[in-house]
Protein chains: 2
Amino acid sequence: MLACAATYRVFKSAAGAQSAESDPLHSWNDGPAKQAITKFVQTTTDQSSSSYVPHEERIATFDQDGTLWVEHPVYTQVIYCLDRVPVVVKEKAELAKVEPFKTVLSGDHEAIAKLTMADLLKIVAAAITGMSVEDYTTEIKKWLDTAKDSRWKRPYTELTYLPMIELLKYLRANGYRTYIVTGGGQDFVRVYAEEVYGIPPEQVVGTSVGISYGYDKNGRPFLTREPELLLNDDNAGKPEGIHLMIGRRPYAAFGNSIGDRQMLEYTKAGDGARLAMLVSHDDAQREYAYGPAQGLPDTKVGTFTQELYDEAKKGWLDCHQHEE
Amino acid sequence: MLACAATYRVFKSAAGAQSAESDPLHSWNDGPAKQAITKFVQTTTDQSSSSYVPHEERIATFDQDGTLWVEHPVYTQVIYCLDRVPVVVKEKAELAKVEPFKTVLSGDHEAIAKLTMADLLKIVAAAITGMSVEDYTTEIKKWLDTAKDSRWKRPYTELTYLPMIELLKYLRANGYRTYIVTGGGQDFVRVYAEEVYGIPPEQVVGTSVGISYGYDKNGRPFLTREPELLLNDDNAGKPEGIHLMIGRRPYAAFGNSIGDRQMLEYTKAGDGARLAMLVSHDDAQREYAYGPAQGLPDTKVGTFTQELYDEAKKGWLDCHQHEE
């Protein structure tokens, strides 16, 4: 079965999209990417095909950041964590004088942009652990209702890719269960995944902190988010997380960066028809142009995404016809 | 909503069960346990009820050993591991001279029965890790096809409780998704859960070892089971595992021992109508009589199950009426 690299060039302009509402993938141009998708779906859902996939095994997994919604210039979850710093400092006043919290509170954008990964991890740990799972959910909901992206002036939950939303719906309409498999926080994405993507909490696989069961002063049980990493759902952690949470190998997988490589490989290594695709970012007007499609480094993953893209072009994600 | 302790006394004899095939719970006597179940289902699926639960939130979780199938005199998974010892020793000859493998190979039932928990863990680690997830699944399937319980002379997969199978089906017929939440091995139970209980792999939450992604000599990716505990899905690990794997609080939960306590508490602590039930083993003819219902100690969990049973009787799992 075909498995090709998709690029933003395959997506029609918004005006063009209006003209073909009857097509479930009407934002996609009629190129090899769209053809690969429709051929995959036809082959795997046709009972007379030797590549037929029973309903219960129809699993499709999607990376989120950069695959379903915008990840530039900063992961949305990192922005959430930075925005949480004033609240964190209110609860723990001593942090106001300590780095990296001091820099974040200064509001100095240049200094904030220079924070190291170690600094960010300290902020993330303080912002997303040490609270009940309910409180965490409530805080994210509140933030999503008010926070806006600085370039697009819209809520983050509106910064999704229409063609990918169409693809989610098209696969579901054909009996596929769609999962998010994200390097981002599992419980973060769960807050909005149902509303934004139509993906329920139990179909979100992501990076997870430890959760501990305990009782409040009234003896009522509750779950606390602990400052320890339980699952790192990126790179090799993606197929590992898929096995843990789903227990089935996907038939289709979609990503955009080196962190998705193992998920795509694992998907393609299964028997029968499998589809593995890369989203490439080449539209500076309607989104951002970055990474290998532009000959530009991916600021997050350096040259590794280039390597993945080159492999896809060479045939690593190329046509793979099931022996019939 | 009612939440009561069920005992085997509530299950009709096989002869009685034949007479009411139109009743989805026809193996259950018309006692408080059955009434609690049907009332719970009616209340939570009636759109005009203030306790109505939307389809997507209808989650019911079931312990497996001693709740869905027989756990006496030894957990089936432990028997599998003991049966695997000759194969393990064939691959690693040096183990034949080392305890506890030496004792298992001796076939001396009395000596085997005296193995400590530490001994069993060594056997389990050798029997279920250090292989690919596919090989593990294949071995279990082969074993289940041939192994038989020594008392009942039947395959282990036939030693399920008919009333509980009826309950699984009844809940599913009413829109509930049924999950297994087991202290046993997640990948072990996944092998047969779909065929035996109608529960797909992604709805089995269990104790899990670490899984690592790698490549074979042909560059084909595969997942290896590592000798490290990733999730201990018993006691507090049950609600923690439920949060990780499902991300929703169950509306109904079923267990039989102290290892299920936190899952039952967590379920009952949610808003609205919740059902939490204990299976108690008091039928020595058709199964085994053990634990608190018999005034006998539960050989696996000592006096703790007695404590849970007493609490259930006192009202810990008693009537809980949602304020309407």
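Computed from a prediction, not measured in an experiment: that's the story for all the values here.

Parameters and conventions
Residues numbered from 1 in each chain as written. Chains lettered and ligands numbered in written order. Predicted model: local features only at pLDDT ≥ 70, side-chain atom pairs only at ≥ 80, totals over all residues. Heavy atoms only, no water. Helix = DSSP H or I, 4+ residues; strand = E, 2+ residues; numbered from the N terminus. Buried < 20%, exposed > 50% of the residue type's maximum accessible area, 1.4 Å probe, protein only. Contact = heavy atoms within 4.5 Å. Areas by Shrake-Rupley, 256 points an atom, 1.4 Å probe, with all protein chains shown as cover. Phe/Tyr/Trp six-rings, centres within 6.5 Å; stacked < 30°, edge-to-face > 60°. Lys NZ or Arg CZ within 6 Å of the ring centre and 35° of its normal. Axes fitted to C-alpha atoms, helices over the stretch in contact; angles between N-to-C directions. Parallel < 35°, antiparallel > 145°, perpendicular 65-115°, else oblique. Left-handed = near helix turned anticlockwise from the far one by under 90°. Nonpolar A, V, L, I, M, F, W, Y, C, P; charged D, E, K, R; others polar. Buried area = accessible area lost by both parts, 1.4 Å probe. Salt bridge = Lys/Arg side-chain N within 4 Å of Asp/Glu carboxyl O. Least-squares fit on C-alpha atoms with pLDDT ≥ 70 in both. Pairing = 2+ DSSP bridges. Right-handed = clockwise from strand over helix to strand, strands pointing away.

J.: Can you walk me through the overall build of chain A in this structure?
T.: Of regular secondary structure, chain A possesses twelve helices and seven strands. Considering chain A as a whole, with its 324 residues, one finds that 56% of them fall into the buried category. Taking as baseline every contact in chain A between residues at least 6 positions apart, the subset at least 24 positions apart corresponds to 63%. Surface summary for chain A: the accessible area is close to 14,200 Å², and the carbon and sulfur share equals 53%.

J.: How should I be thinking about the packing of aromatic side chains in this particular structure?
T.: Any pair of aromatic rings gets described here by the distance separating the centres and the angle formed by the planes. Summed over all chains, the structure comprises 20 aromatic pairs over all chains. Here Tyr-213 of chain B and Tyr-215 of chain B contribute two aromatic rings whose centre-to-centre distance is 5.3 Å and whose plane-to-plane angle is 80°, an arrangement assigned as edge-to-face. Its relative accessible area of 12% is what places Tyr-213 of chain B among the buried residues. By way of ring pairs, the aromatic residues Trp-69, Tyr-80, Trp-143, Tyr-156, Phe-188, Tyr-192 and Tyr-197 of chain A are connected into one cluster. Over the ring of Tyr-251 of chain A we find Arg-274 of chain A, and its NZ or CZ is 3.7 Å from the ring centre.

J.: Help me out: how do you make sense of the packing of helix α7 (residues 133-146) of chain B against helix α9 (residues 186-197) of chain B in this one?
T.: The axes of two packed helices give the description: the angle between them and the distance between them. All names here are of chain B. α9 packs onto α7 with a crossing angle of 55° between their chain directions and a minimal axis gap of 10 Å. For the element pair α7 / α9, the angle class is oblique. Judged by the sense of rotation from one axis to the other, the crossing of α7 with α9 is right-handed. Of α9, the residues touching α7 (which contributes Val-133, Tyr-136, Thr-137, Ile-140, Lys-141, Trp-143 and Leu-144) are Asp-187, Phe-188, Val-191 and Tyr-192. When the residues that make up the contact of α7 with α9 are grouped by side-chain class, the tally is eight nonpolar, one polar and two charged.

J.: In this structure, what is going on with the interface of chain A and chain B? I would like to understand it.
T.: How big an interface is tends to be expressed through the accessible area that disappears when the partners come together. The interface of chain A with chain B comprises 37 residues on the first partner and 37 residues on the second. Summed over both partners, the interface of chain A with chain B buries about 3,100 Å², with 53% contributed by carbon and sulfur atoms. Taken as a group, Glu-202, Tyr-213 and Leu-244 of chain A account for 21% of the area that chain A buries against chain B, more than any other trio of residues on that side. Between chain A and chain B we count eight salt bridges in total. The shortest N-O distance in the salt bridge between Glu-202 of chain B and Arg-177 of chain A comes to 2.4 Å.

J.: Which parts of the structure should I look at to understand the environment of Leu-171 of chain A?
T.: Looking at the element boundaries, Leu-171 of chain A is found in helix α8 (residues 162-173). Its relative accessible area of 1% is what places Leu-171 of chain A among the buried residues.

J.: I would appreciate a short explanation of the relation of the copies chain A and chain B in the present structure.
T.: Placing chain A over chain B gives an RMSD of 0.0 Å and needs a rotation angle of 180°, together with 0.0 Å of translation along the axis. Both copies of the chain, as the preceding transformation shows, are related through a two-fold rotation axis. Across chain A, the smallest distance between a C-alpha and the rotation axis is recorded for Met-245 of chain A, namely 3.0 Å. A share of 100% of the interface residues of chain A reappears at the interface of chain B, consistent with the copies meeting face to face through the same patch.

J.: Can you help me understand the pairing of strand β7 (residues 275-280) of chain A in this one?
T.: On any regular strand, side chains alternate: one points to one face of the sheet, the next to the other face. Residues and elements named next belong to chain A. Burial analysis of β7 places six of its six residues in the buried class, which makes it a mostly covered element. Burial of β7 is two-sided: the residues Leu-275, Met-277 and Val-279 facing one way and the residues Ala-276, Leu-278 and Ser-280 facing the other way are all buried. Pairing of strand β6 (residues 252-255) with β7 involves four bridges; the strand directions are parallel. Across the sheet, residue Phe-254 finds its bridge partner in β7, namely Met-277. Handedness of the β6-helix α11 (residues 261-268)-β7 crossover: right-handed.

J.: Teacher, can you tell me more about the pairing of strand β2 (residues 59-62) of chain B here?
T.: All names here are of chain B. Judged by which residues are buried, β2 turns out to be covered on both faces: Ile-59 and Thr-61 on one side and Ala-60 and Phe-62 on the other are all buried. Relative to strand β3 (residues 177-185), β2 runs parallel, the two sharing four bridges. Counted as the bridge partner of Ile-59 is Arg-177 from β3.

J.: What is the right way to read the environment of Ala-96 of chain A from this model?
T.: Residues and elements named next belong to chain A. By secondary structure assignment, the location of Ala-96 is in the loop between α3 (76-91) and α4 (101-106). Each C-alpha atom of the pair Ala-96 and Thr-178 lies 42 Å from the other, and the pair is 82 residues apart in sequence. Beyond its immediate sequence surroundings of up to four residues, Ala-96 is in contact with Val-89, Lys-102 and Leu-105.

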